[in-house]
Amino acid sequence: MLATEVDRGSVEKMVRSFYEMLIKDDLVGPFFIKALGDDLKNDKWYEHFHTLDKFWLMMMTGEKGYMGDPFLPHVFIGKLTEETFERWLELFNKHVHEHFIPEIADKFYRKSEILAKQFMENLEIGEEFEDED
Ligand code: HEM
């Protein structure tokens, strides 16, 4: 059954199953495995899941708790490309629609799309940067 509310329970469920799926993706998965390992039960993943729970609760409900900088880790994890972000977004969109009613899933996706665009701009990824060194 699709979740009709954004609360800690529904976010935790969505976040864990998203990364379970994401690490199997040939393009996006290796970035996570390199940074956090392939065992979703290890300490790094535990930490990551908690960060992401707080992050999405803040993004979707305004609940305070996430104190980090969502962009910063992406500077250090290897060479991200437009294709990598597009794949991430495609998988995230599909995944949130499998967990939440369309109205909520669309809101998750819109938020992620805005951030992905900002990340790409900050990393100077995309068409406008293609001709530069
Ligand atoms: C190209 C696709 C992406 C890849 C490969 C990627 C990869 C990663 C990795 C490996 C980390 C963990 C770094 C570490 O703890 O050492 C991370 C953290 C994070 N990512 Fe991404 N990411 C991607 C896109 C996104 C997007 C689009 C969002 C937002 C919607 C996002 C939100 C976050 C957040 C909130 C964190 C935690 C930041 C913190 O530690 O406070 N990521 N990402």
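Residues numbered from 1 in each chain as written. Predicted model: local features only at pLDDT ≥ 70, side-chain atom pairs only at ≥ 80, totals over all residues. Heavy atoms only, no water.

Let's talk about the coordination of the iron atom of the ligand
Part 1 of the argument: The protein gives the iron atom of the ligand a lone donor atom, H74 (NE2), placed 2.0 Å from the metal.
Part 2 of the argument: Structurally, the position occupied by H74 is in helix α4 (residues 73-76). (Donors = N, O, S within 2.8 Å, 3.2 Å for Na, K, Ca; no water. Helix = DSSP H or I, 4+ residues; strand = E, 2+ residues; numbered from the N terminus.)

Details of unusual backbone geometry
Part 1 of the argument: With a phi angle near 55°, E124 is a residue other than glycine that sits in the positive phi range.
Part 2 of the argument: Take E124: it is sitting in the segment after α6 (102-122).

Some thoughts on the site of the ligand
Part 1 of the argument: Close contacts around the ligand come from 22 residues, with F32, Y66, H74, I77 and W88 the closest.
Part 2 of the argument: H74 places a side-chain nitrogen or oxygen 2.8 Å from a nitrogen atom of the ligand.
Part 3 of the argument: When atom positions are compared with the pocket grids, the ligand is found to occupy the largest pocket.
Part 4 of the argument: Secondary structure elements with two or more residues in the shell around the ligand: α2 (29-36), α3 (43-61), α4, α5 (82-99) and α6.
Part 5 of the argument: Of the residues in the shell around the ligand, the class split is 17 nonpolar, five polar and no charged. (Near = heavy atom within 4 Å. Polar contact = N/O pair within 3.5 Å; in protein donor to acceptor, adjacent residues only side chain to side chain. 1 Å grid on protein atoms, 1.4 Å probe; cavity = no way out; pocket = protein on both sides within 12 Å on 5 of 7 lines; lining within 4 Å. Sits in = over half its atoms within 2 Å of the grid points. Nonpolar A, V, L, I, M, F, W, Y, C, P; charged D, E, K, R; others polar.)

What to know about a nonpolar patch on the surface
Part 1 of the argument: Side chains of L72, V75 and F76 sit close together on the surface and give an oily, nonpolar patch of about 320 Å² of accessible area.
Part 2 of the argument: Note on placement: F76 falls in helix α4. (Patch = residues over 30% accessible without salt bridge, like charges linked within 9 Å, V, L, I, M, F, W, Y side chains within 5 Å. Areas by Shrake-Rupley, 256 points an atom, 1.4 Å probe, with all protein chains shown as cover. Salt bridge = Lys/Arg side-chain N within 4 Å of Asp/Glu carboxyl O.)

Quick word on α5
Part 1 of the argument: With 18 residues, α5 should reach 26 Å at 1.5 Å per residue; the first-to-last C-alpha distance of 26 Å fits that figure.
Part 2 of the argument: Within α5 the residues assigned to the buried category are T84, F85, W88, L89, L91, F92, H95, V96 and H99.
Part 3 of the argument: Of the surrounding secondary structure, the elements contacted by the buried residues of α5 are α1 (8-22), α2, α3 and α6. (Expected span 1.5 Å × (residues − 1). Buried < 20%, exposed > 50% of the residue type's maximum accessible area, 1.4 Å probe, protein only. Contact = heavy atoms within 4.5 Å.)

Considering the pattern of salt bridges
Part 1 of the argument: On inspection of all chains with the given rule, the structure shows five salt bridges.
Part 2 of the argument: D53 is the partner of R16 in a salt bridge, and the nearest nitrogen-oxygen pair spans 3.0 Å. Placement of R16 in helix α1 and of D53 in helix α3 is noted, with a sequence separation of 37 residues between them.
Part 3 of the argument: What makes D53 buried here is its relative accessible area of 1%.
Part 4 of the argument: The structure contains a network of salt bridges with shared partners spanning D25, D26 and R87.

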